[in-house]
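# Working through the structure, step by step
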Amino acid sequence: MQSLLSRMVDLVGSAHPRRRERLMQWLIAGYIYMGAAIWLIAGVLQGWMSKTAALLWLGFVFAGLLAGYVALRSGWTERFQDPSLTIWQLSIGVLCANWGYLLIGPMRTAALLPMVVTIVFGAFTLQWRQIAFLTVLNLFALVAAVTLRAWFPQWIPQHGAMTPLMVDINNVLMLLVVLPPLGFIVARLSSVRRKLHRQREALMQALSQVERLAVSDELTGIANRRSMRTLLERSAALSSREFAPFCVALIDIDHFKAINDELGHAGGDEVLREFARRATAMLRTTDAIGRWGGEEFVVLACGNVDGICRLLERMRRAVANCGTDSRCITFSAGVAQHRREETADDLLERADRALYEAKRAGRNRNAVAPEGDPSQRYATAESPQ
Ligand SMILES: Nc1nc2c(ncn2[C@@H]2O[C@H](COP(=O)(O)OP(=O)(O)OP(=O)(O)O)[C@@H](O)[C@H]2O)c(=O)[nH]1
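Residues numbered from 1 in each chain as written. Predicted model: local features only at pLDDT ≥ 70, side-chain atom pairs only at ≥ 80, totals over all residues. Heavy atoms only, no water.

At R363, a position not held by glycine, the phi torsion is positive, near 70°. Assignment of secondary structure puts R363 in the loop between α11 (344–360) and β5 (365–368). We classify R363 as partly exposed; its relative accessible area is 30%. Positive phi outside glycine occurs at N364, with the angle close to 50°. Residue placement: N364 occurs in the loop between α11 and β5. (Helix = DSSP H or I, 4+ residues; strand = E, 2+ residues; numbered from the N terminus. Buried < 20%, exposed > 50% of the residue type's maximum accessible area, 1.4 Å probe, protein only.)

Shown next as structure tokens:
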């Protein structure tokens, strides 16, 4: 029952939230037009207005409502900057209210209310100029209706006995007093609404940037130290539980100070960015790389030491010429395979010691941390390239 009802609501009001919101506003406008229609029918029954004139008004209004519903429901209006076409809707609303005012004889003062309500709808999207336009349009249309009634009654079908002109003048004066401050309030509301909307957009953008910065390195765009640490901790816990072997490699670019000296700090930054881009391109989907800080990177790869060493050799070849024309970029790496129950910190410490060994042994090579007793020798060999 519930789902049938919600399906019906989706069918009529669309499942698309913004479209549904627009249709909701349309429905409210439709409700006011319905009220006005009853008021017109009452006028016909009282003999204050011509049936044909009322039918013409009703036909126009309901054809307009239907066309508007179809245009909004189908999404056709979404090609426009304001998909609700608010200014058009409200201008037509103002003209219809004044058209009704002209036709309805002694009941015409009631038409002032829809005129006022129409301006209130402007608070949804309109800018102050559009609200001012609607206010002036309303006043002009009312003056035109009053003028027609007073001086050209023969143009109004079945106008009956003319009620005093003073009623119309009072009505115009009333709108003259009420509409400008109302327009001002609506314009203020609309501008507050739009300001809030802009602030919300800016906030969302800032939030997504903060989210991105919290996990990625600002310079290279790859994972930062914090997110790599989290990943390492999770992998260590998983490996201890499920015995899913993995390795880490701490990478340090060789002689990076000299690269900075040669290219300047900005040039060094560019080398770091290119290094990260090319190294990332070498990873398998199950591997990860992050910037550990400065010119140091950390790689996490599933499997054993042989697998990560092969990966590091691929990286070496890929990054070799990402620096200057005169200098081949090399790096040293300390590799450690996770031992069961070992914490991420201990694993990293072993990889760091292995990196130190790789540097000490002459750079441009991997050093593998011994699996068992730390007093065992580090396996190092210069990269074959
Ligand atoms: N351009 C740039 N340079 C950085 C950045 N972070 C650290 N560095 C520089 O990297 C250099 C690292 O120098 P060292 O620690 O002496 O190491 P190295 O010159 O690479 O020598 P080895 O590691 O022993 O091969 C320093 O000059 C730092 O200023 C960075 O984000 N951008």
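So, about the packing of helix α4 (residues 86–103) against helix α5 (residues 112–121). In a packed pair of helices, the relevant descriptors are the angle between the two axes and the axis-to-axis distance. Two elements in contact, α4 and α5, have axes whose closest approach is 9 Å; the angle formed by their N-to-C orientations is 175°. If you check the angle between α4 and α5, you find them roughly antiparallel. On α5, the residues that touch T86, L90, G93, V94, A97, N98 and Y101 of α4 are L112, P114, M115, T118 and F121. Partitioned by chemical class, the residues of the contact of α4 with α5 number eight nonpolar, four polar and no charged. (Axes fitted to C-alpha atoms, helices over the stretch in contact; angles between N-to-C directions. Parallel < 35°, antiparallel > 145°, perpendicular 65-115°, else oblique. Contact = heavy atoms within 4.5 Å. Nonpolar A, V, L, I, M, F, W, Y, C, P; charged D, E, K, R; others polar.)

Moving on: the UniProt feature "transmembrane region" (unreviewed entry) in the protein chain. Under the local residue numbering, the UniProt record ascribes the feature "transmembrane region" (unreviewed entry) to residues 26–48, 54–72, 84–104, 110–126, 133–152 and 172–190. Its end C-alpha atoms 27 Å apart, residues 54–72 is made of 100% helix and 0% strand. Here residues 84–104 runs as 86% helix and 0% strand, with 30 Å between its end C-alpha atoms. (UniProt positions renumbered as here; feature names shortened; annotations may be inferred.)

Our next topic: the nonpolar core. L40, W57, Y101, M115 and L175 are the most contacted members of the largest nonpolar core, which totals 45 residues. Put simply, the parts of the chain that give this core at least two residues each are α2 (17–46), α3 (51–74), α4, α5, α6 (128–151) and α7 (165–215). Examining the composition of this core, we find that eight residues originate from one element, α4, more than from any other. For Y101, the residues in contact, after removing those within four places along its chain, are R108, A111, L112, M115, L142, A145, V146, R149, D168 and N171. (Core = buried A, V, L, I, M, F, W, Y, C linked by side-chain atoms within 4.5 Å.)

Close to the ligand lie 16 residues; H255, F256, N260, D269 and R291 are nearest. Contacts to the ligand include D269, whose side-chain N or O atom sits 2.6 Å from a nitrogen atom. Taken by itself the ligand offers 660 Å² of open surface, and the protein chains cover 67% of this. Breaking the shell around the ligand down by element, the ones donating at least two residues are β1 (246–253) and α9 (256–281). Within the shell around the ligand, the residues separate by chemical class into three nonpolar, five polar and eight charged. (Near = heavy atom within 4 Å. Polar contact = N/O pair within 3.5 Å; in protein donor to acceptor, adjacent residues only side chain to side chain. Areas by Shrake-Rupley, 256 points an atom, 1.4 Å probe, with all protein chains shown as cover.)

On to the side chain of S91. Residue position: S91 is located in helix α4. The contacts of S91, once residues within four sequence positions are left out, are F133, L134 and L137.

The next subject is the packing of helix α8 (residues 225–242) against α11. α11 packs onto α8 with a crossing angle of 110° between their chain directions and a minimal axis gap of 9 Å. Classified by the interaxial angle, the pair formed by α8 and α11 is roughly perpendicular. Each of R229, L232, E233 and A236 in α8 lies in contact with α11, whose residues at this interface are A344, D345, L347 and L348. Of the residues contributing to the contact of α8 with α11, the split by class is five nonpolar, no polar and three charged.

Along its 24 residues, α6 runs 34 Å from first to last C-alpha, staying within 8% of the 34 Å computed at 1.5 Å per residue. Elements that come into contact with the buried residues of α6 comprise α4, α5 and α7. (Expected span 1.5 Å × (residues − 1).)

According to the stated counting rule, one finds five aromatic pairs in the structure shown. Members of the aromatic cluster, connected to one another through ring pairs, are F275, F297 and F331. It is R225 that lies over the ring of W292; its NZ or CZ is 4.2 Å from the centre. Positioned above the aromatic ring of F331 is the side chain of R316, whose terminal nitrogen or guanidinium carbon lies 4.3 Å from the ring centre. (Phe/Tyr/Trp six-rings, centres within 6.5 Å; stacked < 30°, edge-to-face > 60°. Lys NZ or Arg CZ within 6 Å of the ring centre and 35° of its normal.)

The next thing to look at is the pattern of salt bridges. For the structure on display, the rule yields 19 salt bridges. Among the salt bridges present, the one from D168 reaches R149, with a minimum N-O distance of 3.7 Å. Here R149 lies in helix α6 and D168 lies in helix α7, a separation of 19 residues in the sequence. Look at D168 and you get buried, because its relative accessible area is 2%. When salt bridges with common partners are traced through the structure, they connect R19, R22 and E78 into a single cluster. (Salt bridge = Lys/Arg side-chain N within 4 Å of Asp/Glu carboxyl O.)

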